Amino acid sequence: MSLSIRVATREDLPHLSTVMDAAIGELQKGFLDADQIASSRAVMGLDRQLVDDGTYFVAEIDGAIAGCGGWSRRATMYGGDHSTGLREPRLLDPASEAARVRAMYTHPDFARRGVGRALLAHCEGQARAEGFASCELMGTRSGEPLYQVAGYEVIERIEDSTGGAPVPLARMRKSL
């Protein structure tokens, strides 16, 4: 297995949407019920701003897109292009604010093979290189175990009912 990580481009967007859709639909089973999975689509998904900022990445295994994820120097904590009320494009101050880890997805065919861990480490390294001393993210129930193993701690639990059913989320933080 040869895993590589590269910067995502606009040309990747249709493929990334497919990965995200599969991950949302499959990897949340066992953590959320069917109504919550459907509801989560309102607050999860593609954020083109990350691609435009050059802070979104594609993980490939032997040429196939295995996952994607990014980080941001912007204040938006979570949500896709279609998510209402969640967008906050303000630039963060690395001296006093945490970078955001955003939109982490692994295709179900590549789950439990180190894709998420590799993307997370890559994003943390990029944020650290820009002067950030910590990262925050909004973790799903299915993502929370990975983030905990990687050193993130829950600082707040919320439920987002934007899509109808309440979706449990955990705001998590890690010092870099």
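Residues numbered from 1 in each chain as written. Predicted model: local features only at pLDDT ≥ 70, side-chain atom pairs only at ≥ 80, totals over all residues. Heavy atoms only, no water.

Some words on the layout of surface pockets
Put simply, the largest pocket is a space of about 770 Å³. Lining the largest pocket are 36 residues; nearest its centre among them are Met104, Ser142, Gly143, Leu146 and Tyr147. Contributions of two or more residues to the lining of the largest pocket are made by helix H1 (13–27), strand E4 (99–106), helix H4 (115–129), strand E5 (134–140) and helix H5 (144–149). No other element matches E4, which puts 6 residues into the lining of the largest pocket. (1 Å grid on protein atoms, 1.4 Å probe; cavity = no way out; pocket = protein on both sides within 12 Å on 5 of 7 lines; lining within 4 Å. Points joined across faces, edges and corners; volume = space filled by probe spheres on them. Helix = DSSP H or I, 4+ residues; strand = E, 2+ residues; numbered from the N terminus.)

A short note on the state of the cysteines
Tallied over the entire structure, the rule returns 0 disulfides. We note that cysteine 68 lacks a disulfide partner, and the nearest cysteine sulfur, in cysteine 123, lies 10 Å from it. Looking at cysteine 68, the relative accessible area reads 0%, which means it is buried. (Disulfide = S-S within 2.5 Å. Buried < 20%, exposed > 50% of the residue type's maximum accessible area, 1.4 Å probe, protein only.)

What about H1?
With 15 residues, H1 should reach 21 Å at 1.5 Å per residue; the first-to-last C-alpha distance of 20 Å fits that figure. Along H1, the residues classified as buried are Leu13, Leu16, Val19, Met20, Ala23, Ile24 and Gly25. Residues of H1 that are buried in the fold lie against helix H2 (34–40), helix H3 (48–53), strand E2 (56–61), strand E3 (64–72) and E4. (Expected span 1.5 Å × (residues − 1). Contact = heavy atoms within 4.5 Å.)

Re the pairing of E5
Counting buried residues in E5 gives 7 out of 7 residues, a clear majority hidden from the surface. Of the two faces of E5, the one carrying Ser134, Glu136, Met138 and Thr140 and the one carrying Cys135, Leu137 and Gly139 are both buried. Where E4 lies against E5, 2 bridges are found, and the strand directions are parallel. When the bridges of E5 are listed, alanine 99 appears paired with cysteine 135. (Pairing = 2+ DSSP bridges.)

With respect to the sheet that holds E3
Spatially, E1-E2-E3-E4-E5-E7-E6 is the arrangement adopted by the 7 strands of the open sheet, whose pairing is mixed. Among the strands making up the open sheet, the edge pair consists of strand E1 (3–7) and strand E6 (153–160). Going from strand to strand, the sheet's axes swing by 25° on average, the running direction of each strand aside. Along the sheet, H4 makes contact with E1, E2, E3, E4, E5 and strand E7 (167–175), crossing E3 at roughly 30°. (Axes fitted to C-alpha atoms, helices over the stretch in contact; angles between N-to-C directions.)

Points about the side chain of serine 134
Examined against the element boundaries, serine 134 turns out to sit in strand E5. One polar contact links serine 134 to arginine 173, side chain to side chain, over a distance of 2.9 Å. (Polar contact = N/O pair within 3.5 Å; in protein donor to acceptor, adjacent residues only side chain to side chain.)

Notes on the pattern of salt bridges
In this structure the tally under the stated criterion is 17 salt bridges. Arginine 173 is the partner of glutamate 136 in a salt bridge, and the nearest nitrogen-oxygen pair spans 2.4 Å. Of this pair, glutamate 136 sits in strand E5 while arginine 173 sits in strand E7, and the two are 37 residues apart along the sequence. Since its relative accessible area comes to 4%, glutamate 136 is described here as buried. A residue is classified by how much of its surface remains accessible, and arginine 173, at 32% relative accessible area, is partly exposed. Between arginine 171 and glutamate 156 there is a salt bridge; the shortest N-O distance is 3.4 Å. (Salt bridge = Lys/Arg side-chain N within 4 Å of Asp/Glu carboxyl O.)

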